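Understanding the architecture of this molecule
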Amino acid sequence: MTSVVATGVMALAALTGCDAPANAPSAAPAVAPSAASTPPAPPKKPPTMAPGPAGRTPVFERRAAGEGAASGSGRSAEKVVALTFDADMTADQGPRAEAGERFDNPELIALLRRLEVPSTVFMTGRWAEEYPAQAKDIGTDDLFEVANHSYSHYAFTDDCYGLPVVPEDAMARDVERAFSAFRQAGVRNVVPYFRFPGGCYDDAALRALTPASVTAVQWDVVSGDAFATDAGAVAQQVLEGVRPGSLVVLHCTRSAAPVTGEAVSRIVPELRKRGYRFVKVSELMEG
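Each value, and the rule that gives it
- Residues numbered from 1 in each chain as written.
- Predicted model: local features only at pLDDT ≥ 70, side-chain atom pairs only at ≥ 80, totals over all residues.
- Heavy atoms only, no water.
- Helix = DSSP H or I, 4+ residues; strand = E, 2+ residues; numbered from the N terminus.
- Buried < 20%, exposed > 50% of the residue type's maximum accessible area, 1.4 Å probe, protein only.
- Contact = heavy atoms within 4.5 Å.
- Areas by Shrake-Rupley, 256 points an atom, 1.4 Å probe, with all protein chains shown as cover.
- pLDDT = per-residue confidence, 0-100.
- Pairing = 2+ DSSP bridges.
- Disulfide = S-S within 2.5 Å.

Describing the overall build of the chain
When you go through the chain residue by residue, the secondary structure sums to ten helices and nine strands. Counting across all 287 residues of the chain, residues that qualify as buried make up 45%. Sequence separation of at least 24 residues holds for 79% of the intrachain contacts in the chain that already meet a minimum separation of 6. Surface accessibility of the chain: about 14500 Å² in total, with carbon and sulfur atoms responsible for 56%.

Structure representation (C-alpha coordinates):
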(Lines give C-alpha, C1' and ligand atoms only; values in the text may rest on other atoms or scores of the structure.)
Protein backbone atom coordinates (compact mmCIF):
# COMPACT_ATOMS: atom_id res chain seq x y z
CA MET A 1 0.00 0.00 0.00
CA THR A 2 2.85 2.41 0.90
CA SER A 3 4.55 1.90 -2.49
CA VAL A 4 1.27 2.61 -4.30
CA VAL A 5 0.76 5.83 -2.33
CA ALA A 6 4.36 6.87 -2.89
CA THR A 7 4.07 6.26 -6.65
CA GLY A 8 0.93 8.41 -6.72
CA VAL A 9 2.71 11.23 -4.92
CA MET A 10 5.65 11.10 -7.35
CA ALA A 11 3.32 11.15 -10.33
CA LEU A 12 1.48 14.17 -8.93
CA ALA A 13 4.79 15.96 -8.38
CA ALA A 14 5.81 15.26 -11.99
CA LEU A 15 2.56 16.71 -13.30
CA THR A 16 2.71 19.88 -11.20
CA GLY A 17 6.48 20.36 -10.84
CA CYS A 18 6.73 22.95 -13.62
CA ASP A 19 4.34 25.30 -11.87
CA ALA A 20 5.32 24.64 -8.24
CA PRO A 21 7.74 26.99 -6.47
CA ALA A 22 11.20 25.58 -5.85
CA ASN A 23 10.81 25.70 -2.06
CA ALA A 24 7.34 24.08 -1.95
CA PRO A 25 7.11 21.50 0.85
CA SER A 26 7.12 17.88 -0.26
CA ALA A 27 4.01 15.75 0.20
CA ALA A 28 3.69 14.11 3.60
CA PRO A 29 4.46 10.37 3.56
CA ALA A 30 1.52 8.03 3.81
CA VAL A 31 0.93 6.82 7.35
CA ALA A 32 -0.18 3.23 7.91
CA PRO A 33 -3.13 2.77 10.26
CA SER A 34 -1.94 2.19 13.81
CA ALA A 35 -2.37 -1.22 15.39
CA ALA A 36 -4.36 0.44 18.16
CA SER A 37 -7.06 1.37 15.67
CA THR A 38 -7.60 -2.29 14.71
CA PRO A 39 -10.57 -3.67 16.64
CA PRO A 40 -9.73 -6.67 18.87
CA ALA A 41 -10.77 -10.08 17.62
CA PRO A 42 -13.98 -11.35 19.22
CA PRO A 43 -13.45 -14.03 21.89
CA LYS A 44 -13.35 -17.53 20.51
CA LYS A 45 -16.62 -19.37 20.94
CA PRO A 46 -16.21 -22.70 22.77
CA PRO A 47 -17.03 -25.66 20.52
CA THR A 48 -20.18 -27.64 21.21
CA MET A 49 -21.68 -30.77 19.73
CA ALA A 50 -24.76 -30.77 17.55
CA PRO A 51 -27.95 -31.87 19.32
CA GLY A 52 -28.84 -35.53 19.16
CA PRO A 53 -32.08 -37.06 17.79
CA ALA A 54 -35.15 -34.93 18.47
CA GLY A 55 -32.94 -32.18 19.89
CA ARG A 56 -31.60 -34.26 22.77
CA THR A 57 -28.59 -32.93 24.65
CA PRO A 58 -25.41 -34.37 23.05
CA VAL A 59 -22.85 -36.26 25.15
CA PHE A 60 -19.05 -35.99 24.81
CA GLU A 61 -16.77 -38.56 26.49
CA ARG A 62 -13.38 -38.30 24.80
CA ARG A 63 -11.78 -37.25 21.54
CA ALA A 64 -12.36 -40.03 19.04
CA ALA A 65 -9.33 -42.03 17.95
CA GLY A 66 -7.69 -40.56 14.88
CA GLU A 67 -8.88 -36.99 15.52
CA GLY A 68 -6.60 -34.07 16.32
CA ALA A 69 -3.48 -32.52 14.87
CA ALA A 70 -2.17 -35.77 13.41
CA SER A 71 -5.44 -37.02 11.97
CA GLY A 72 -5.58 -37.39 8.22
CA SER A 73 -1.84 -38.00 8.07
CA GLY A 74 -1.93 -41.71 8.75
CA ARG A 75 -0.20 -41.23 12.09
CA SER A 76 -1.64 -41.93 15.52
CA ALA A 77 -3.86 -39.38 17.27
CA GLU A 78 -2.30 -36.40 18.99
CA LYS A 79 -1.24 -37.17 22.55
CA VAL A 80 -3.49 -34.78 24.42
CA VAL A 81 -5.42 -35.35 27.64
CA ALA A 82 -7.92 -33.25 29.58
CA LEU A 83 -7.86 -33.28 33.36
CA THR A 84 -11.23 -32.20 34.74
CA PHE A 85 -12.10 -31.42 38.34
CA ASP A 86 -15.56 -31.57 39.90
CA ALA A 87 -16.13 -28.89 42.54
CA ASP A 88 -18.97 -30.68 44.32
CA MET A 89 -21.30 -29.33 46.94
CA THR A 90 -24.93 -30.34 47.26
CA ALA A 91 -27.67 -27.85 48.06
CA ASP A 92 -28.25 -29.33 51.54
CA GLN A 93 -24.61 -29.30 52.71
CA GLY A 94 -24.62 -25.72 53.99
CA PRO A 95 -24.78 -26.80 57.67
CA ARG A 96 -21.78 -29.05 57.16
CA ALA A 97 -19.82 -26.17 55.63
CA GLU A 98 -20.82 -23.96 58.56
CA ALA A 99 -19.53 -26.65 60.92
CA GLY A 100 -16.11 -26.50 59.24
CA GLU A 101 -16.19 -29.13 56.50
CA ARG A 102 -14.22 -27.93 53.49
CA PHE A 103 -15.67 -28.58 50.06
CA ASP A 104 -12.98 -26.48 48.37
CA ASN A 105 -9.34 -27.26 47.61
CA PRO A 106 -7.30 -24.09 47.00
CA GLU A 107 -4.04 -26.01 47.36
CA LEU A 108 -4.99 -28.13 44.35
CA ILE A 109 -5.73 -25.04 42.24
CA ALA A 110 -2.38 -23.55 43.30
CA LEU A 111 -0.67 -26.80 42.28
CA LEU A 112 -2.27 -26.74 38.83
CA ARG A 113 -1.00 -23.19 38.41
CA ARG A 114 2.53 -24.13 39.44
CA LEU A 115 2.50 -27.08 37.07
CA GLU A 116 0.86 -24.93 34.35
CA VAL A 117 -1.87 -27.46 33.63
CA PRO A 118 -4.85 -26.07 31.68
CA SER A 119 -7.96 -27.59 33.26
CA THR A 120 -11.74 -27.56 33.21
CA VAL A 121 -13.50 -27.20 36.56
CA PHE A 122 -17.06 -28.53 36.69
CA MET A 123 -18.58 -26.40 39.42
CA THR A 124 -21.92 -26.61 41.17
CA GLY A 125 -23.82 -23.40 41.72
CA ARG A 126 -23.98 -24.14 45.43
CA TRP A 127 -20.16 -24.39 45.52
CA ALA A 128 -19.87 -21.00 43.80
CA GLU A 129 -22.21 -19.50 46.40
CA GLU A 130 -20.22 -20.99 49.28
CA TYR A 131 -16.83 -19.95 47.88
CA PRO A 132 -17.52 -16.93 45.64
CA ALA A 133 -14.00 -15.50 45.90
CA GLN A 134 -12.45 -18.82 44.88
CA ALA A 135 -15.00 -19.28 42.10
CA LYS A 136 -14.10 -15.85 40.70
CA ASP A 137 -10.38 -16.52 41.11
CA ILE A 138 -10.64 -19.75 39.12
CA GLY A 139 -13.08 -18.32 36.60
CA THR A 140 -10.98 -15.26 35.73
CA ASP A 141 -7.73 -17.19 35.25
CA ASP A 142 -7.22 -18.15 31.59
CA LEU A 143 -5.53 -21.37 32.70
CA PHE A 144 -9.00 -22.63 33.62
CA GLU A 145 -12.49 -22.79 32.22
CA VAL A 146 -15.59 -23.29 34.36
CA ALA A 147 -18.33 -25.70 33.32
CA ASN A 148 -21.70 -26.47 34.88
CA HIS A 149 -22.12 -29.35 37.35
CA SER A 150 -25.73 -28.39 38.23
CA TYR A 151 -26.79 -26.05 40.98
CA SER A 152 -27.77 -28.60 43.59
CA HIS A 153 -25.64 -31.67 42.78
CA TYR A 154 -28.85 -33.66 43.01
CA ALA A 155 -29.31 -36.59 40.65
CA PHE A 156 -30.89 -36.37 37.22
CA THR A 157 -31.97 -40.02 37.37
CA ASP A 158 -33.29 -42.34 40.07
CA ASP A 159 -30.87 -44.52 42.05
CA CYS A 160 -27.76 -42.39 41.56
CA TYR A 161 -25.51 -43.03 44.57
CA GLY A 162 -28.32 -42.14 46.95
CA LEU A 163 -28.50 -38.50 45.81
CA PRO A 164 -31.84 -36.67 46.02
CA VAL A 165 -33.46 -36.44 42.59
CA VAL A 166 -34.22 -33.29 40.60
CA PRO A 167 -37.75 -33.45 39.11
CA GLU A 168 -37.64 -33.75 35.34
CA ASP A 169 -39.48 -30.46 34.80
CA ALA A 170 -36.93 -28.64 37.01
CA MET A 171 -33.73 -29.98 35.44
CA ALA A 172 -33.13 -27.16 32.94
CA ARG A 173 -33.88 -24.57 35.67
CA ASP A 174 -31.34 -26.23 37.97
CA VAL A 175 -28.67 -25.89 35.29
CA GLU A 176 -29.55 -22.25 34.61
CA ARG A 177 -29.49 -21.51 38.34
CA ALA A 178 -25.87 -22.69 38.41
CA PHE A 179 -24.96 -20.41 35.50
CA SER A 180 -26.64 -17.56 37.39
CA ALA A 181 -24.55 -18.33 40.50
CA PHE A 182 -21.39 -18.17 38.37
CA ARG A 183 -22.39 -14.76 37.02
CA GLN A 184 -23.08 -13.48 40.52
CA ALA A 185 -19.66 -14.64 41.70
CA GLY A 186 -17.94 -12.89 38.77
CA VAL A 187 -16.87 -16.06 36.97
CA ARG A 188 -15.84 -15.04 33.45
CA ASN A 189 -14.44 -18.10 31.65
CA VAL A 190 -17.68 -20.10 31.51
CA VAL A 191 -18.19 -22.77 28.84
CA PRO A 192 -21.56 -24.28 27.81
CA TYR A 193 -20.73 -27.73 29.12
CA PHE A 194 -22.62 -29.73 31.73
CA ARG A 195 -21.65 -32.74 33.82
CA PHE A 196 -24.38 -34.84 35.37
CA PRO A 197 -23.94 -35.33 39.13
CA GLY A 198 -22.61 -38.83 39.63
CA GLY A 199 -22.38 -39.13 35.85
CA CYS A 200 -25.95 -40.47 35.93
CA TYR A 201 -28.23 -39.68 33.01
CA ASP A 202 -30.86 -41.28 30.81
CA ASP A 203 -32.83 -40.39 27.73
CA ALA A 204 -35.40 -38.43 29.73
CA ALA A 205 -32.65 -36.27 31.28
CA LEU A 206 -31.13 -35.56 27.86
CA ARG A 207 -34.52 -34.43 26.59
CA ALA A 208 -35.19 -32.33 29.70
CA LEU A 209 -31.91 -30.41 29.27
CA THR A 210 -32.55 -29.44 25.66
CA PRO A 211 -33.64 -25.87 26.62
CA ALA A 212 -30.32 -25.36 28.46
CA SER A 213 -28.35 -25.61 25.16
CA VAL A 214 -25.40 -27.40 26.74
CA THR A 215 -23.16 -30.29 25.74
CA ALA A 216 -23.02 -32.98 28.42
CA VAL A 217 -19.44 -33.98 29.23
CA GLN A 218 -18.63 -37.36 30.73
CA TRP A 219 -15.21 -39.09 30.80
CA ASP A 220 -13.36 -42.22 29.76
CA VAL A 221 -10.90 -42.37 32.68
CA VAL A 222 -12.15 -42.62 36.26
CA SER A 223 -9.45 -41.50 38.69
CA GLY A 224 -11.02 -43.10 41.74
CA ASP A 225 -9.97 -40.12 43.86
CA ALA A 226 -13.37 -39.70 45.55
CA PHE A 227 -12.93 -40.77 49.19
CA ALA A 228 -9.54 -42.32 48.34
CA THR A 229 -6.69 -42.29 50.84
CA ASP A 230 -3.92 -43.71 48.63
CA ALA A 231 -2.57 -41.10 46.19
CA GLY A 232 -0.33 -43.67 44.53
CA ALA A 233 -3.28 -45.90 43.68
CA VAL A 234 -5.19 -42.94 42.20
CA ALA A 235 -2.19 -41.92 40.09
CA GLN A 236 -1.67 -45.48 38.89
CA GLN A 237 -5.31 -45.83 37.87
CA VAL A 238 -5.14 -42.64 35.81
CA LEU A 239 -1.79 -43.47 34.22
CA GLU A 240 -2.99 -46.94 33.24
CA GLY A 241 -6.21 -45.56 31.74
CA VAL A 242 -5.06 -42.55 29.73
CA ARG A 243 -4.97 -42.81 25.95
CA PRO A 244 -4.59 -40.05 23.34
CA GLY A 245 -7.72 -37.92 23.58
CA SER A 246 -8.69 -39.11 27.08
CA LEU A 247 -10.83 -37.14 29.48
CA VAL A 248 -10.09 -37.77 33.17
CA VAL A 249 -12.50 -37.08 36.03
CA LEU A 250 -11.02 -35.91 39.34
CA HIS A 251 -12.37 -33.79 42.20
CA CYS A 252 -11.67 -30.39 43.72
CA THR A 253 -13.18 -31.10 47.14
CA ARG A 254 -10.87 -31.37 50.12
CA SER A 255 -13.18 -33.34 52.42
CA ALA A 256 -14.30 -35.89 49.82
CA ALA A 257 -11.07 -36.20 47.81
CA PRO A 258 -8.16 -35.45 50.16
CA VAL A 259 -5.32 -37.03 48.11
CA THR A 260 -6.13 -35.55 44.69
CA GLY A 261 -3.36 -32.96 44.83
CA GLU A 262 -0.72 -35.53 45.68
CA ALA A 263 -1.99 -37.79 42.90
CA VAL A 264 -1.91 -34.94 40.37
CA SER A 265 1.68 -34.12 41.34
CA ARG A 266 2.57 -37.66 40.20
CA ILE A 267 0.28 -37.85 37.17
CA VAL A 268 1.33 -34.64 35.44
CA PRO A 269 5.12 -35.16 35.18
CA GLU A 270 4.70 -38.80 34.17
CA LEU A 271 2.24 -38.02 31.38
CA ARG A 272 4.48 -35.20 30.16
CA LYS A 273 7.39 -37.65 30.12
CA ARG A 274 5.23 -39.89 27.92
CA GLY A 275 4.73 -37.02 25.49
CA TYR A 276 1.25 -35.89 26.51
CA ARG A 277 0.04 -32.30 26.36
CA PHE A 278 -2.69 -31.09 28.75
CA VAL A 279 -5.71 -29.28 27.33
CA LYS A 280 -9.08 -28.00 28.49
CA VAL A 281 -12.25 -29.78 27.42
CA SER A 282 -12.95 -27.03 24.88
CA GLU A 283 -9.69 -27.79 23.06
CA LEU A 284 -10.22 -31.53 23.31
CA MET A 285 -13.68 -31.17 21.82
CA GLU A 286 -12.31 -29.05 18.99
CA GLY A 287 -10.56 -32.11 17.55
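Structure shown, so let's carry the discussion forward.
Comments concerning the confidence of the model for the chain
In this model, the chain carries a mean pLDDT of 87, and residues with pLDDT of at least 70 account for 81%. Contacts from residues 1-28, a stretch scored under 50 in pLDDT, to residues over four places away or in other chains number two contacts.

Quick look at the pairing of strand 3 (residues 119-123)
By the criterion of burial, strand 3 is predominantly enclosed, with five of the five residues buried. A two-sided burial pattern is seen for strand 3, the buried positions comprising Ser119, Val121 and Met123 on one face and Thr120 and Phe122 on the other. As judged from the four bridges shared by strand 2 (residues 80-87) and strand 3, these two strands associate in the parallel manner. For Asp86, the partnering residue across the bridge sits in strand 3 and is Phe122.

Notes on the state of the cysteines
For the structure on display, the rule yields one disulfide. Across the disulfide from Cys160 sits Cys200; the S-S distance is 2.1 Å. Between Cys160 and Cys200, the S-S dihedral sits near 80°, and the bridge is therefore right-handed. Of this pair, Cys160 sits in the loop between strand 4 (144-148) and helix 6 (171-185) while Cys200 sits in the loop between strand 5 (190-194) and helix 7 (203-208), and the two are 40 residues apart along the sequence.

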